[in-house]
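# Chain and residue survey
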Amino acid sequence: MPYGKFITFEGPEGSGKSTHISLLAAYLRAQGIGVTLTREPGGTPLGEVIRTLLQHNGSGEAPVGRAEVLLFLASRAQHVERLIRPALAAGEWVLCDRFEDSTLAYQGYGRGFDLSELQAVNHFATHGLKPDLTVLLDVTPETSRARLLARQSATATLPDRIEGEADEFHIRLRDGFLNLARREPARFVVLATEREQDAVAADVRAAVSERLMGCGHAD
Ligand code: TMP
């Protein structure tokens with residue numbers, strides 16, 4: 001059984017990751033490919049508990065910055081060993097909503113932790129597993145904020161701990177993601193999302209077809 005492919009989706013809030021992951025999963029399944037959809041933090045029972053702790057101060061106390069990093073990484077270590085590697089070994093393609101680039105963007109560029117230290121702990125958590133392809137869905141901080149507010153008013157929810165960070169944090173974060181993509185062009189594809197959803201979805205399929213399926217076009 002050949003190994004499956006590991007595709008991660010990254011980007012600021014409101015970039016459309018969950019929509020485009022679902023659309024790509026439907027496309028791959030129609031090609032007869034087995035797909036596992038997952039997310040970080042989360043993806044395992046332990047990871048989902050960590051997600052609640054992180055997003056809404058589930059312990060009653062906000063984690064300090066270094067504890068926040070380690071909670072994301074604890075979720076990742078569990079996820080890689082319990083879900084991602086077994087699925088890839090079974091030949092499934094794994095589509096993951098956020099992975100190690102989110103730690104570099106949010107905790108590195110956003111919160112100011114040293115990137116090489118974060119890379120080292122990321123490597124410890126993943127045991128060296130790297131995505132075959134990372135789709136960076138880019139969105140300006142203004143559109144990201146507007147989409148977030150629209151979603152919160154539609155679902156009557158409040159911003160979580162990270163969504164509620166100041167505008168400068170979200171600007172650094174977006175620039176950080178773009179920097180990461182520039183450093184590894186062979187792994188990343190960067191897609192602008194302030195356009196028709198169908199056009200973005202077609203570009204996602206084209207990137208996957210060209211880079212992972214050895215085809216020149218998706219349809
Ligand atoms: P989301 O996936 O629903 O957008 O929520 C995850 C939140 O956690 C989001 O605000 C990004 C943040 N995050 C980090 O700060 N670092 C990480 O390593 C990961 C995976 C997520």
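Structural data are supplied above this passage.
Read on for an overview of the structure. (Residues numbered from 1 in each chain as written. Predicted model: local features only at pLDDT ≥ 70, side-chain atom pairs only at ≥ 80, totals over all residues. Heavy atoms only, no water.)

Looking now at unusual backbone geometry. Each neighbour pair has its own omega, and for glutamate 40 with proline 41 the value is -10 degrees, a cis peptide bond. With respect to the helices and strands, the residue proline 41 is situated in the loop between β2 (35-39) and α2 (45-55). Although it is not a glycine, arginine 98 adopts a positive phi angle of roughly 80 degrees. Within the fold, arginine 98 resides in the loop between β3 (93-97) and α4 (100-110). Assessed through its relative accessible area of 12%, arginine 98 is described here as buried. (Helix = DSSP H or I, 4+ residues; strand = E, 2+ residues; numbered from the N terminus. Buried < 20%, exposed > 50% of the residue type's maximum accessible area, 1.4 Å probe, protein only.)

It is worth spelling out α4 at this point. One full turn of an α-helix is made of 3.6 residues, so residues set three or four places apart face in the same direction. With respect to burial, α4 is a largely interior element, ten of its eleven residues being buried. Residues of α4 that are buried: Glu100, Asp101, Ser102, Thr103, Leu104, Ala105, Tyr106, Gln107, Gly108 and Gly110. Where α4 is buried, its residues touch β1 (6-10), α3 (65-89), α5 (115-126), β4 (133-138), α7 (167-183) and β5 (188-192). Count one or two residues on from α4 and you reach glycine 112, which has phi positive near 90 degrees. (Contact = heavy atoms within 4.5 Å.)

What follows covers the packing of aromatic side chains. Considering all chains together, one arrives at three aromatic pairs under this definition. On the numbers, 5.0 Å between centres and 85 degrees between planes, the contact of phenylalanine 6 with phenylalanine 99 is edge-to-face. One end of the pair, phenylalanine 6, is in strand β1; the other, phenylalanine 99, is in the loop between β3 and α4, with 93 residues separating them in the sequence. The exposure class of phenylalanine 6 is buried, given its relative accessible area of 0%. A residue is classified by how much of its surface remains accessible, and phenylalanine 99, at 0% relative accessible area, is buried. (Phe/Tyr/Trp six-rings, centres within 6.5 Å; stacked < 30°, edge-to-face > 60°.)

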